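Architecture at a glance
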Amino acid sequence: LFNGVYPFYPQQRKPFVFDVSTIIVIIVFLTFASSFLLIIPGIRGRARLYWMLRVLLSLVVGVVIVAVQFTGDWESGWVTANTSYKSFSRVVVNADIGLHVGLAGVNVTLVGNPVNQVNETISYNEHFAWSFDADYDHSYSEGLERGLPSPILYVAEKFTTESPCNMHRQYRISGHYASATLWVAFCTWLISNMLFSMPVLVYGGYMVLVTGAFIIFSLLSFSTVRNSLMCPIQFGTASLLTSYGGSFWLTLAIGLLCFVAGITVVALHYFNLDLLKTFFDLHEGRAEDCQEMTEVYVNPQFMS
């Protein structure tokens, strides 16, 4: 207590889904998209539509692969319960407690019903990181020193290294492997774009399939935590249960999109190569290169 008053936050906490890194990634890819859209009017005919479709689809895949690395809703859950608000206090509040798991840590959210209770604004959002350059236990200790509300500390304690639940090790390892696999998928996505800019379209299609495979591998890595026993998070009779969040399903959709695009490119290469060249704006140029000469001029002295 400070002069008989519980600790409070003078500043706003960051949202749990979007942070500065995610916003930077989105701005960078929007800049690339805007640059390509500026040159679209200079392309003639149907090639303009094909160019726009290829560029936008490629940028969507790239921005999702990078952005989901920093989002915090791979797994999330909410529960509404009557719970104690502060340690060493009998005050009970009605609040929504949320748990949001990302690849680099967890966010615990506490929102009162209503927000203003016990002469305070109950609206908290705390991030506890477990990346390679972060110490989760140290972040939890700082939360204890700051006097965080009891529900936040109770949920965060489940993920500490000393907790018998062993949830920290499960989520941390699976998140690291999922993140590493996504970075490999980002590299294969770059290679596929380079191959599509060359007259080797079928290899670009194969690399898109590899990109989709690594994206699916990242989802499988993260989903391994669901196969182990989870510690119950109880608030009275209510339980905080989690399920896959928006980032997980968005990544799954992008992985399936890569499979569909890769299979389409490979199939067109073997069954309708002309249509594939037309879509990638290579048909006309290749036809001019392979065009046979209609007239031949022969030196009569050489022939004689």
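Residues numbered from 1 in each chain as written. Predicted model: local features only at pLDDT ≥ 70, side-chain atom pairs only at ≥ 80, totals over all residues. Heavy atoms only, no water.

A word on the UniProt feature "transmembrane region" (unreviewed entry) in the chain
- The residues that UniProt annotates with the feature "transmembrane region" (unreviewed entry) are residues 20-39, 51-71, 91-111, 177-196, 202-225 and 246-271.
- End C-alpha to end C-alpha, residues 91-111 measures 16 Å, and it is 0% helix and 81% strand.
- Secondary structure across residues 202-225 divides into 92% helix and 0% strand, with the first and last C-alpha atoms of the span separated by 37 Å. (UniProt positions renumbered as here; feature names shortened; annotations may be inferred. Helix = DSSP H or I, 4+ residues; strand = E, 2+ residues; numbered from the N terminus.)

Comments concerning the packing of helix α5 (residues 167-196) against helix α6 (residues 201-223)
- With their axes 8 Å apart at the nearest point, α5 and α6 run at an angle of 170 degrees to one another. One finds that α5 runs roughly antiparallel with respect to α6.
- Of the residues belonging to the contact of α5 with α6, the class tally is 18 nonpolar, nine polar and no charged. (Axes fitted to C-alpha atoms, helices over the stretch in contact; angles between N-to-C directions. Parallel < 35°, antiparallel > 145°, perpendicular 65-115°, else oblique. Nonpolar A, V, L, I, M, F, W, Y, C, P; charged D, E, K, R; others polar.)

Points about the packing of helix α2 (residues 47-67) against helix α7 (residues 246-271)
- Look at α2 against α7: their axes get within 10 Å of each other, and the N-to-C directions meet at 140 degrees. One element, α2, and the other, α7, form an angle in the oblique class. For the pair α2 and α7, the sense of crossing is left-handed. Between α2, through L57, V60, V61 and V64, and α7, the contact on the second element is made entirely by L250, I254, L257 and C258.
- Looking at side-chain class alone, the contact of α2 with α7 contains eight nonpolar, no polar and no charged residues. (Left-handed = near helix turned anticlockwise from the far one by under 90°. Contact = heavy atoms within 4.5 Å.)

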